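Residue-level structure breakdown
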Amino acid sequence: MIDVIHAITPGDHFSPRTGSAIPTVVHGLAGAASRDPDPVQHAVVIDRSTMRPRYDSARLIEYDRAAWLTRGDRSLDLVRGRLGLPRRGVERFYAPLVDAVRRQPRAFVLAHNAPVIPWMLRDSEHRVVLYAHNDLLRTYSRAEARRMLASVAAVVCVGDELGERTRAALPSRLSARVHVVRNGIDTERFQPGGGLDLRSAADGEPFRAMFVGRVIPEKGPDVLVRAAALLPRGSVEVVIVGSQGFARDAPLSPYEQELRRLAEQSGATVRFEPFVDRDRLPDLLRSAHALVVPSTWPEPSGLTAGEGMATGLPVVASRVGGLPDIVGDAGLLVPPGDPAAVAAALRTLIDDPAERARRAEASRARAVARDWSWAWGNLRRVLEGL
């Protein structure tokens, strides 16, 4: 099998200092591939100016990034796309990355969230795979998608629901090239700890429900705060881990400010832990009794849900997007944007330690069965079949 080159968004960091989703996926796949009995070398094409230290799981191919796209560039690209013309702004932005890829020996190029890369490499010897972590084609007409992806070897989607949406957006000739490869879970970094017992809140220790992720409306941390306000005072401590971006000391966004006001008015015990890097996250998760993933948008593959499961936590997650497939019957699924349903799920875990223990055990077992070696094996089979 030929080597694999990951092309991530210019400016994105390939560093353990962030929890950015795509670099986390690339690191997981590359690390698993290096441990494979028949190893495959992975490389990542990365903007030279991005954050250090870098993960050591993949060979680095560095380049100097082009100037950022402006709002005007994006607007013009939308118009060009509707007219059937090339999106010149995004092509300019990706040109240094594509030039760096062209200089590499023949490989599978995994274009993460970048439909422009298959188009720009259409005349190269590389086999280009569009790796979709989100609904990438929502601004593309069927005709533009057909033109941009005409040469693509495959389209890999990270979840079933996303795969269905992507197939529906493509003509039949291309929809047959869509494959689903679910993300893996880092079960080595994230493991259960021995610090928490299974006492209920009635025994005097508040139940600690944790949210981890970007603090933005789509992730729904306000839903968790509102749920805590519906539970008996003192029975739950909510911990919100994260910030809007990837900087612990960044000014609070308007949403973050509103979330703090909501917490003060709720009467619930709410603690805020701004953004933490990957090295600190496992210990924080081990300090919780449950992880709550209250996303209000159809999140294709919530990595945090899997990391909570690997830690041995019962997970309360929204029944939306790819989250039901991740947590399976190990977690408690609730309608998105429903604080009362989240409160009822937490009440179940608080009042029934045996049920909490059963779900915690099921969470860890499901995570172990879906680690990064499992994900890489699934991806490898797709690539070898092309």
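Residues numbered from 1 in each chain as written. Predicted model: local features only at pLDDT ≥ 70, side-chain atom pairs only at ≥ 80, totals over all residues. Heavy atoms only, no water.

Time to look at the overall build of the protein chain. Helix and strand content of the protein chain: 15 helices and 13 strands. Relative to the 2.2 N^0.38 estimate, which gives 21 Å for 386 residues, the radius of gyration of the protein chain is 22 Å and therefore close to what a compact globule would have. Each principal axis of the C-alpha distribution contributes one length, and for the protein chain these read about 65 × 50 × 40 Å. When each of the 386 residues of the protein chain is scored for burial, the buried share is 56%. (Helix = DSSP H or I, 4+ residues; strand = E, 2+ residues; numbered from the N terminus. Rg over C-alpha atoms; globule rule 2.2 N^0.38 Å. Buried < 20%, exposed > 50% of the residue type's maximum accessible area, 1.4 Å probe, protein only.)

In this section: helix H3 (residues 88–102). In the structure, H3 departs most strongly from a straight axis at Ala95, where the bend amounts to approximately 50° and where the proline Pro96 lies between one and four residues downstream. Along H3, the residues that are buried comprise Gly89, Val90, Glu91, Phe93, Tyr94, Pro96, Leu97, Val98, Ala100 and Val101. Check the buried side of H3 and you find it contacts strand S1 (4–7), strand S2 (42–47), strand S3 (59–63), helix H2 (71–82), strand S4 (108–112) and helix H4 (116–120). (Bend = angle between axes of the 7 residues up to and from the residue. Contact = heavy atoms within 4.5 Å.)

Strand order in this open sheet of seven strands is S3-S2-S1-S4-S5-S6-S7, and the pairing throughout is parallel. A single partner strand is all that each edge strand has here, and the edge strands are S3 and strand S7 (178–180). Within the sheet, the average angular offset between the axes of one strand and its neighbour, ignoring direction, is 25°. Contacting S1, S2, S3 and S4, H3 crosses the sheet at an angle of about 130° to S3. (Pairing = 2+ DSSP bridges. Axes fitted to C-alpha atoms, helices over the stretch in contact; angles between N-to-C directions.)

This part covers the nonpolar core. With 61 residues, the main nonpolar core has Tyr94, Leu97, Ile117, Trp376 and Leu379 as its most contacted residues. Ranked by the residues each element gives to this core, the list is headed by H3, at seven residues. Those residues in contact with Leu379 that sit more than four places away from it in its chain are Leu29, Leu110, Tyr131, Val156 and Val181. Counting residues in hydrophobic clusters, the runner-up holds 31 residues, among them Ala209, Val316, Leu332 and Ile350. (Core = buried A, V, L, I, M, F, W, Y, C linked by side-chain atoms within 4.5 Å.)

Here we take up helix H15 (residues 372–384). The end-to-end C-alpha separation of H15 is 18 Å, in line with the 18 Å expected for 13 residues at 1.5 Å each. Buried within H15 we find Trp372, Ala375, Trp376, Gly377, Asn378, Leu379, Arg380, Val382 and Leu383. Its side-chain oxygen 3.2 Å from the backbone nitrogen of Ser373, Asp371 forms the N-cap of H15. (Expected span 1.5 Å × (residues − 1). Polar contact = N/O pair within 3.5 Å; in protein donor to acceptor, adjacent residues only side chain to side chain.)

Time to look at the pattern of salt bridges. Enumeration over the complete set of coordinates arrives at 33 salt bridges. Between Glu62 and Arg54 there is a salt bridge, with its nearest N and O atoms 2.8 Å apart. Assessed through its relative accessible area of 14%, Arg54 is described here as buried. Among the charged side chains, a salt-bridge network with shared partners connects Arg208, Glu237, Arg248, Arg271, Glu273 and Arg280. (Salt bridge = Lys/Arg side-chain N within 4 Å of Asp/Glu carboxyl O.)

Across five bridges, the pairing between strand S9 (residues 236–241) and strand S10 (residues 269–273) is parallel. Within S10, the position partnered with Glu237 by the bridge is Thr269. Handedness of the crossover joining S9 and S10 through helix H9 (residues 254–266) is recorded here as right-handed. (Right-handed = clockwise from strand over helix to strand, strands pointing away.)

Here we come to the side chain of Asp77. Mapped onto the secondary structure, Asp77 falls in helix H2. At a separation of 3.0 Å, a polar atom in the side chain of Asp77 contacts the side chain of Arg80. Among the polar contacts made by the side chain of Asp77, one reaches the main-chain amide nitrogen of Arg88 at a distance of 3.2 Å.

So, on to the sheet that holds strand S8 (residues 207–212). For sheets, the rule is that strands pair by backbone hydrogen bonds, running either parallel or antiparallel. Within the open sheet, the six strands sit side by side as S10-S9-S8-S11-S12-S13. Their pairing is parallel. Here the strands that pair on one side only, and so sit at the sheet edges, are S10 and strand S13 (332–334). The average angle at which neighbouring strand axes cross in this sheet is 20°, direction not considered. Contacts between helix H8 (residues 221–229) and the sheet are confined to S8, S9, S10 and strand S11 (290–293), with S9 contributing the most and set at about 170° to the helix. Set on the sheet, helix H11 (residues 303–310) makes contact with S8, S11 and strand S12 (315–318); between it and S11 the angle comes to about 170°.

For a regular strand, side chains alternate in direction, first toward one face of the sheet and then toward the other. In S11, alternate side chains face the same way, and those of Ala290 and Val292 on one face and Leu291 and Val293 on the other are all buried. Two elements, S8 and S11, share two bridges in a ladder whose sense is parallel. For Met210, the partnering residue across the bridge sits in S11 and is Leu291. What joins S11 to S12 is H11, and the crossover it makes is right-handed.

Let us now look at the packing of H8 against H9. Where H8 contacts H9, the axes come no closer than 9 Å and their chain directions differ by 5°. Relative to H9, the element H8 is oriented roughly parallel. Contacts between H8 and H9 pair Pro221, Asp222, Val225, Arg226 and Ala229 from the former with Tyr255, Leu259, Leu262, Ala263 and Ser266 from the latter. (Parallel < 35°, antiparallel > 145°, perpendicular 65-115°, else oblique.)

Another point: the packing of H11 against helix H14 (residues 353–369). Two numbers describe how H11 lies on H14: the axes approach to 7 Å, and their chain directions differ by 115°. Considering only the axes of H11 and H14, their crossing is left-handed. Only Ser363, Arg364, Arg366 and Ala367 of H14 make contact with H11, whose side of the interface consists of Gly306, Met309 and Ala310. Partitioning the contact of H11 with H14 into residue classes produces three nonpolar, two polar and two charged. (Left-handed = near helix turned anticlockwise from the far one by under 90°. Nonpolar A, V, L, I, M, F, W, Y, C, P; charged D, E, K, R; others polar.)

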